Amino acid sequence: MTSPSRPKPRYDVVVVGAGIIGLSTALFLRERGLSVAVLDKGVPAYEQSSRNWGWMRTVGQDMAELELALQSRPLWRRWAAEGDFGFRPCGLVSLAETEAEWSALQAWFAQARGRGLDTRELDSEAVARALPQLRRHQAGGLFAPGDAGIEPDQAMRFLERKVRDAGAALFAGTAVRHIDISGGRATGVETETGPVAADAVVIAAGAWSRWLSATAGIVIPQLKVVASVLRTTPVEDGPLPNVASTAFCLRRRRDGGYTVARRNSSLTYVTPDALRFLRLYLPNYLKQKQLLRVRAGASFFRELWLERRFGPGRPNPFEEFRACDPAADSDTLKATFARLQQDMPVFRAARIAAAWAGTIDVLPDALPILSSVARHPGLFLATGFSAHGFGIGPAAGKLMAEIVTGEAGASSRAPFRLERFHLNGD
Ligand SMILES: Cc1cc2nc3c(=O)[nH]c(=O)nc-3n(C[C@H](O)[C@H](O)[C@H](O)COP(=O)(O)OP(=O)(O)OC[C@H]3O[C@@H](n4cnc5c(N)ncnc54)[C@H](O)[C@@H]3O)c2cc1C
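Thresholds, definitions, all that
Residues numbered from 1 in each chain as written. Predicted model: local features only at pLDDT ≥ 70, side-chain atom pairs only at ≥ 80, totals over all residues. Heavy atoms only, no water. UniProt positions renumbered as here; feature names shortened; annotations may be inferred. Helix = DSSP H or I, 4+ residues; strand = E, 2+ residues; numbered from the N terminus. Near = heavy atom within 4 Å. Polar contact = N/O pair within 3.5 Å; in protein donor to acceptor, adjacent residues only side chain to side chain. Areas by Shrake-Rupley, 256 points an atom, 1.4 Å probe, with all protein chains shown as cover. Nonpolar A, V, L, I, M, F, W, Y, C, P; charged D, E, K, R; others polar. Patch = residues over 30% accessible without salt bridge, like charges linked within 9 Å, V, L, I, M, F, W, Y side chains within 5 Å. Salt bridge = Lys/Arg side-chain N within 4 Å of Asp/Glu carboxyl O. Buried < 20%, exposed > 50% of the residue type's maximum accessible area, 1.4 Å probe, protein only.

The name that an unreviewed UniProt entry assigns to the protein chain is FAD-binding oxidoreductase, with the source organism given as Nguyenibacter vanlangensis. Under the UniProt heading Sequence similarities (unreviewed entry), the note attached to the protein chain is "Belongs to the DadA oxidoreductase family."

According to UniProt, the positions carrying the feature "transmembrane region" (unreviewed entry) are residues 12-29. In residues 12-29, helix accounts for 56% and strand for 28%; the two terminal C-alpha atoms are 10 Å from one another.

This brings us to the site of the ligand. In the vicinity of the ligand there are 35 residues, among which Asp 40, Lys 41, Ser 49, Gly 389 and Gly 391 approach most closely. Contact between the ligand and Trp 55: a nitrogen atom at 3.0 Å from a main-chain N or O atom of the residue. Gly 391 has a polar backbone atom sitting 2.7 Å from an oxygen atom of the ligand. Protein contacts shield 98% of the accessible area of the ligand, which totals 1,000 Å² for the unbound molecule. Contributions of two or more residues to the shell around the ligand are made by helix H1 (20-31), strand E12 (223-232) and strand E18 (352-362). When its residues are assigned to classes, the shell around the ligand shows 19 nonpolar, 12 polar and four charged.

Together, Leu 278, Leu 282 and Leu 286 give the surface a local cluster of nonpolar side chains, amounting to about 260 Å² of exposed area. Checked against the element boundaries, Leu 282 lands in helix H8 (residues 278-287). Judged by relative accessible area, which is 36%, Leu 282 ranks as partly exposed.

Next up, the structure:
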């Protein structure tokens, strides 16, 4: 089914953002018979959703997100039966090189056990058997056979088609300039091509949600982090499961190469928001300092200049920056690849074939907001997935649709409520 070139004047629900979260939400809203338009300022899924590692994982997930991860597994499997997007239930091995890392993995497993997981512990011999390519000794590891690898760009093209076939109208190149509020209610959006009315508006705008929410006077403490990734040329006899370690993370691609990155190498910048929300981020930052590198510089003034240009009635940064396409950190990627070649000699014959980066939207507790907005009935948020949104995207979209229709139970909504940050007079 093709969409008309411009949105109709009114829908039951307008979803802003055609990443995995916006598209999944739209799909489950259509299943409930609502008319839905999905609006994206650029090319659907061009930002985080098609440039991620392609992991669908349970290992290491926060307990609050684990349920969404487990619910997403059968949804991904069902979708994979409908279309080919490189879904591979290859499992994930999470490595612990040091005793301290091993204790941390075991502590996570002790909490997660009994929640329907298929995870099992591996001692150092079992790790060596699971990953014969690995030359470095490990203290232990966890293996989750049901975790999977997915080709993100192919999955997103599949989902885009599926959402259109389900009858949602999808508009690329249609920036939403602000949220319309009337009598305290969200009544629709103003786009660059005109107003669109709706009973409900869902902001699923990834790293841009902070600014779009601000047009309705809603504060979300969202910051941005830049993460870099590389892909290799094909590798013979490389590892089949996804591998997570402090030094590198990898997934075998369907072209025989690997997507490789280092999880503790993301960059964040000192911005006005970083100072505003410092109090909220500090506890988590102090616990995980080694996972993030902080840079100060011109980014502070660039953000300050940008944030003053959002607002109604005129072109703004949503239109100016149709695609968030940051530069990759090639020094870190080269060092990561060198370490991988050292630890797994099968990679020595491979080369770096491409590198890219993505801007990740994070929240202080690294959990998303999937929530109504008390101050503005009709306004909903589905954002802040803090680098875990792709794998859990299907179940997160389903939960969001249930929140919009009022079907979601209080316990499934509780961990993801906007009110937990107490920034909007709540
Ligand atoms: C390098 C990297 C590796 C990652 N690896 C993994 C992984 O292996 N597994 C995992 O689960 N997660 C991973 N993630 C995280 C995951 O990709 C994200 O959590 C998820 O894609 C977020 O989806 P989203 O729909 O919220 O946002 P996005 O995919 O960023 O989509 C938001 C959309 O909103 C649109 N938009 C914004 N503002 C407006 C506006 N005003 N008007 C109209 N449209 C607008 C944008 O154009 C964009 O298309 C990774 C992320 C990165 C960057």
